[in-house]
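# Per-entry structural report
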Amino acid sequence: MATVESAADPRGAAAFQSGLADLVECIDWSSVECLNEKDDHTFSNAVKQGYREDDGLHLESDADEQLLLYIPFNQVVKLHSLVVKGPAEEGPKTVKLYANRQNMGFSNVGDFPVNDTIILSADHLSGRPVQLKYVKFQNVRSVTVFIEDNQETTEVTKIQKLAFLGSTVETTNMSELKKISNESQ
């Protein structure tokens, strides 16, 4: 399990300069699902560009603090970092990520192996990129995000922004890859 202290990208916004991009344009919006969202505070407020920049809008859990988001992409991507912004008290704490898992629900979320678990502190909810276990997110067609709890263990979790940083597989420049010879090993 990676904690934010060891996984945070100290370069912050400089990560964009190294070939990473906000993958919002790669999301297949017609297939996004969010379980346990409040009817008037849906995933669009936290995920869609334009909405997520408005601090007055947010995704809010309904029956309890847990949220389960299924986010498919319209092409294969590589995920590098996750950006989460939320209030210090009601923002997410334990975030579990599953690559390429469909049809997950609260009743079976524990049946699948987690690709990465991130423990956020209140200080990390400012929107700073949190680096993921990059090798586990190389050929991603969808990601399921399970918000297990929040900072203060209250009944409501709020997320103002949820963004994925990475690259599309098609944009990987294969000519930049270097062969590793047996002599160098």
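A brief report on the enclosed structure follows.

## Remarks on the overall build of the protein
On a plain count of helices and strands, the protein comes out with 2 helices and 11 strands. Listing the helices and strands of the protein from first to last along the sequence gives β-α-β-β-α-β-β-β-β-β-β-β-β. Burial statistics for the protein: of 185 residues in total, 47% are counted as buried. Look at the contacts in the protein between residues 6 or more apart in sequence, and 81% of them connect residues 24 or more apart. Here the protein displays about 9500 Å² of accessible surface, and carbon together with sulfur accounts for 46% of that area.

## A short note on the pairing of strand E6 (residues 94-99)
Within E6, 6 of the 6 residues are buried, which leaves the element mostly enclosed by the surrounding structure. Going residue by residue along E6, you find Thr94, Lys96 and Tyr98 tucked away on one face and Val95, Leu97 and Ala99 tucked away on the opposite face as well. The pairing of E6 with strand E7 (residues 116-119) spans 4 bridges and is classified as antiparallel. When the bridges of E7 are listed, Thr94 appears paired with Ile119. Of the pairings in the sheet, the one linking E6 to strand E9 (residues 140-147) comprises 5 bridges and is antiparallel in character. Bridging from a neighbouring strand, Lys96 pairs with Phe146 of E9.

## Comments concerning the pattern of salt bridges
Inspection of the entire model under this criterion finds 6 salt bridges. One salt bridge in this structure joins Glu60 and Lys38, with 3.2 Å as the shortest N-O distance. Residue Glu60 is located in strand E4 (residues 59-60), and its partner Lys38 is located in the loop between strand E3 (33-35) and helix H2 (44-47); the two are separated by 22 residues in the primary sequence. By relative accessible area, which is 8% here, Glu60 ends up buried. Its relative accessible area of 29% is what places Lys38 among the partly exposed residues.

## As for the packing of aromatic side chains
For the coordinates displayed, the defined rule picks out 2 aromatic pairs. Summarising the aromatic geometry, the rings of Phe73 and Phe164 are spaced 6.2 Å apart at their centres and angled 85° between planes, so their arrangement reads as edge-to-face. With Phe73 in strand E5 (residues 67-85) and Phe164 in strand E11 (residues 161-168), this pair connects stretches of sequence that are 91 residues apart. Both residues of the pair, Phe73 and Phe164, count as buried.

## Overview of the pairing of E5
Looking along a regular strand, one sees side chains alternate from face to face of the sheet. The buried count for E5 comes to 16 of 19 residues, which makes it a mostly enclosed element. Taken together, the 8 bridges between E5 and E11 define a ladder with antiparallel strand orientation. What sits directly across from Lys78, in E11, is Ser167. As defined by bridge partners, E5 adjoins strand E8 (residues 130-131) across 2 bridges and the pair is classed as antiparallel. Paired with Leu82 across the two strands is Val130, which belongs to E8.

## Re the environment of His124
Structurally, His124 can be placed in the loop between E7 and E8. C-alpha of His124 to C-alpha of Gly91: the two residues are 33 residues apart in sequence and 9.7 Å apart in space. Only 2.8 Å separates the side chain of His124 from the side chain of Arg128, close enough to count as a polar contact.

## Thoughts on unusual backbone geometry
Of note in this structure, Asn100 is not a glycine but carries a positive phi near 55°. Mapped onto the elements, Asn100 comes out in the loop between E6 and E7. The phi torsion at Thr153 lies on the positive side, around 55°, for a residue other than glycine. Residue position: Thr153 is located in the loop between E9 and strand E10 (158-159). Residue class for Thr153 comes out exposed when judged on its relative accessible area of 64%.

Cut-offs used in this document
- Residues numbered from 1 in each chain as written.
- Predicted model: local features only at pLDDT ≥ 70, side-chain atom pairs only at ≥ 80, totals over all residues.
- Heavy atoms only, no water.
- Helix = DSSP H or I, 4+ residues; strand = E, 2+ residues; numbered from the N terminus.
- Buried < 20%, exposed > 50% of the residue type's maximum accessible area, 1.4 Å probe, protein only.
- Contact = heavy atoms within 4.5 Å.
- Areas by Shrake-Rupley, 256 points an atom, 1.4 Å probe, with all protein chains shown as cover.
- Pairing = 2+ DSSP bridges.
- Salt bridge = Lys/Arg side-chain N within 4 Å of Asp/Glu carboxyl O.
- Phe/Tyr/Trp six-rings, centres within 6.5 Å; stacked < 30°, edge-to-face > 60°.
- Polar contact = N/O pair within 3.5 Å; in protein donor to acceptor, adjacent residues only side chain to side chain.

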